[in-house]
Amino acid sequence: MSAALTARYALAALPACAAALLASPSHAAPDAKSLVTDTAAMSQLVEAVSYDVMSEAGIDACQEAGAASVPAMREAWIAWRGRYQIAPMRVVLTRMMQRRSGDASWDKLVEPMRQRVQSDPQACATLAREWQGGGKDVAARYPQAGAVARAIVQANLVMPITPLPVAVEPARGQVLLPSQVIALTEQRGNWLVISEEAARRKLGLVYVKGRVARDMRRPENFHLVQEQGDRIGEQVIHLKFNAESWLGREVVLRGVVTSLSRLSMDLADAALVNDASGLTLSPLAQTPLARKEVALQRVSTAPGKGLGDKDLAAVVIHGYANNLNGTRWEEDVRFLLRDGTVYRRTDMPPDQLDVAVSRQLEPQQWGRWRSAGKGYAMQAQDDDGRPSGDWKPEGHEAVRPWSKDARLEGSFSRRSFTGSMITGGTSAMHSLRFTKDGRFERSFSATSSTGSLQAITGTVIAGSSQGDGKGSSSTGSSTVGTGLGTVGVSSGTRTKDDGASRRGRYQLDGFVITLEYDDGHKERLLSFPVDGDNRSVYVGTGSYDRDK
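Right, let's walk through the structure included here. (Residues numbered from 1 in each chain as written. Predicted model: local features only at pLDDT ≥ 70, side-chain atom pairs only at ≥ 80, totals over all residues. Heavy atoms only, no water.)

1. Points about the state of the cysteines
Formally, a disulfide is one covalent bond, and it connects the sulfur atom of one cysteine to the sulfur atom of another. Overall, the coordinates contain one disulfide when judged by the stated rule. Disulfide pairing places C62 opposite C124 at an S-S distance of 2.2 Å. With the S-S bond torsion at -110°, the cross-link from C62 to C124 turns out left-handed. Note that C62 is positioned in helix 4 (residues 39–64) and C124 in helix 8 (residues 123–132), a separation of 62 residues in sequence. For C124, a relative accessible area of 11% puts it in the buried group. (Disulfide = S-S within 2.5 Å. Helix = DSSP H or I, 4+ residues; strand = E, 2+ residues; numbered from the N terminus. Buried < 20%, exposed > 50% of the residue type's maximum accessible area, 1.4 Å probe, protein only.)

Now the structure itself:
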């Protein structure tokens, strides 16, 4: 997917949004107004940033795939970002997108890029060659990108990125790593959010070290992580400032701890430490780093070449309600092998699980099982494949496979709500309709809106999307409260496709459903009847209940 194609999506409402926001007489400079509302100029900013987003996603996907070229690619990408001053442009565009929709998700760029890397064995080699050449010449290709970003800030449409202060005085003392957060909590206790002044009194100034990483769900949130080879720390240090300019770099920072728990700590009032030679590592105990999750394709093999029926004792499932940050039904599916081992990461049909490779790359996904009355007891393994903890009774139940060429008839749905009534959220429904002649149709609908907290300020942002075998569409609208009143922007309804990517033919056999879509693509997913009379069917990563 090219940046130009994806830019059209991001561009669709940005100039109109800018025009509406600039209508107030408090906004500046006619030349800034004309530049910001110029679609051609804005497209250069969008495409430059889109290239950065896709590059980040591609490198991350290659890291998940275990590509040896990743360290060199990441260093070249970081240098490219600095050379062309990409970070300020990305901050400005992200904040413009937030003004438009309340959300600056880059999923429409990130997911296709990740899927491309996962499906194309040569993708990482292609990216590596591109970064050996230094990446795209943004100054020549998009000469107005930087000017547009500066014009947006000049017109007061978004706040500019605040430079990170640099500590002038020499650093002296001890430096903390993310893996020492638990030990620090055990030594000093934990606290929720406190003021910077209270943090100074409580712990004083602290020094921390780690690599700056992004929370892709919240693009302006950053944290420090600790990595070593195939291991990564489970504790993080959240940065209470925009660290876009330092993304991917290992840094030493000075600041105050405004929140501390066994999972993380918050660092505020931060400054960059240029000379860390006077610092020594804190003697606090370090929590062992955890093994990184391995990309699914690394432990998958061709259909029929993986776990065979002769080695599979049972497929078992346990369902439960998850009310954390919303409401949804979740299931834990596991493969029980006849040799007494159990596999917990069941994102593929069993006949595509490469058992030998999985045991080597992700031993923590394996364990032991045994019968316990009418159920099962299981024991987990640690990151090095050693028994971890006691044997525990589990609530899993065995399911049966599909008979060859079985047929379904009717509609099955899966519903969820993410968020809260206070902060806003998304209600979603995904459905599958089957017919006895072997046809299927996927459909979805989702509605998102801000909550009562934003409504107090006069800000109401909502959007909806839906799709089925006939096509898909989305609608968005927003009313943003400001000191000068409210500004309303509506993106209208857009039709996206003809629905061919959601309809086609299905085939059931064993623990597999094969979906052949009318647009030519194909899926082969884990599937089985959850109960005896097909009131609920499992497809892919969750169960769908028959509509009443």
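The structure having been displayed, the exposition proceeds.
2. Some points on the sheet that holds strand 4 (residues 227–228)
Taken in spatial order, the three strands line up as 4-5-10 in an open sheet, and their pairing is antiparallel. Where the open sheet ends on each side, the last strands, each with one partner, are strand 4 and strand 10 (290–291). Relative to strand 10, strand 5 (residues 231–232) is paired through two bridges, and the arrangement is antiparallel. Paired with I232 across the strands is A290, a residue of strand 10. (Pairing = 2+ DSSP bridges.)

3. Describing the layout of surface pockets
Estimates place the volume of the second largest pocket at around 400 Å³. Counting residues per element, the ones that place at least two in the lining of the second largest pocket are strand 11 (312–322), strand 12 (326–337), strand 17 (397–399), strand 19 (410–420) and strand 29 (542–546). Residue composition of the lining of the second largest pocket, grouped by class: six nonpolar, seven polar and nine charged. (1 Å grid on protein atoms, 1.4 Å probe; cavity = no way out; pocket = protein on both sides within 12 Å on 5 of 7 lines; lining within 4 Å. Points joined across faces, edges and corners; volume = space filled by probe spheres on them. Nonpolar A, V, L, I, M, F, W, Y, C, P; charged D, E, K, R; others polar.)

4. A closer look at the pattern of salt bridges
Pairs can form between side chains of opposite charge whenever their charged atoms are close. All told, the structure shown has 43 salt bridges when counted by the stated rule. One salt bridge connects R211 with E227, and the closest N-O pair in it is separated by 2.6 Å. You can see R211 sitting in strand 2 (residues 206–214) and its partner E227 sitting in strand 4, a full 16 residues away along the chain. Judged by its relative accessible area of 29%, E227 is partly exposed. Between R231 and D230 there is a salt bridge, and its shortest N-O distance comes to 3.3 Å. (Salt bridge = Lys/Arg side-chain N within 4 Å of Asp/Glu carboxyl O.)

5. Structural notes on the nonpolar core
With 74 residues, the main nonpolar core has L45, I152, V208, L239, L253 and M265 as its most contacted residues. Broken down by element, this core gets its largest block of residues, 13 residues, from helix 4. Not counting chain neighbours up to four residues away, the residues in contact with M265 comprise V181, L184, V206, V208, V236, I237, H238, V257, S259 and L260. Grouped together as the second largest cluster of nonpolar side chains are 19 residues, V299, V315, F335 and L353 included. (Core = buried A, V, L, I, M, F, W, Y, C linked by side-chain atoms within 4.5 Å. Contact = heavy atoms within 4.5 Å.)

6. Examining the side chain of R95
Examined against the element boundaries, R95 turns out to sit in helix 6 (residues 86–101). Engagement of the side chain of R95 in a polar contact is seen with the backbone oxygen of M159, the distance being 2.6 Å. If near-sequence neighbours (up to four positions away) are discounted, R95 is found in contact with V158, M159, P160, I161, E220 and N242. (Polar contact = N/O pair within 3.5 Å; in protein donor to acceptor, adjacent residues only side chain to side chain.)

7. Some details on the packing of helix 5 (residues 70–83) against helix 8
Where helix 5 contacts helix 8, the two axes come as close as 9 Å, and the packing angle between them is 45°. As judged from the angle between their axes, helix 5 and helix 8 are oblique. Judged by the twist between their axes, the crossing of helix 5 over helix 8 is left-handed. Contacts from M73, A76, W77 and W80 of helix 5 reach helix 8 at C124, L127, A128 and W131. In terms of residue class, the contact of helix 5 with helix 8 is built from eight nonpolar, no polar and no charged. (Axes fitted to C-alpha atoms, helices over the stretch in contact; angles between N-to-C directions. Parallel < 35°, antiparallel > 145°, perpendicular 65-115°, else oblique. Left-handed = near helix turned anticlockwise from the far one by under 90°.)

8. Here we look at the packing of aromatic side chains
Under the counting rule described, the total for this entry stands at twelve aromatic pairs. Centre to centre, the rings of F440 and Y517 are 5.1 Å apart; their planes meet at 85°, and the pair counts as edge-to-face. Here the residue F440 occupies a position in strand 21 (residues 439–450), and Y517 occupies one in strand 26 (residues 512–517), the gap between them amounting to 77 residues. Exposure remark for F440: the relative accessible area of 3% places this residue in the buried category. Looking at R370, its charged tip hangs above the ring of W391, at a distance of 4.1 Å from the centre. When the ring centre of Y506 is taken as reference, the NZ or CZ atom of R407 above it lies at 5.3 Å. (Phe/Tyr/Trp six-rings, centres within 6.5 Å; stacked < 30°, edge-to-face > 60°. Lys NZ or Arg CZ within 6 Å of the ring centre and 35° of its normal.)

What is shown is where atoms sit, not what they do.
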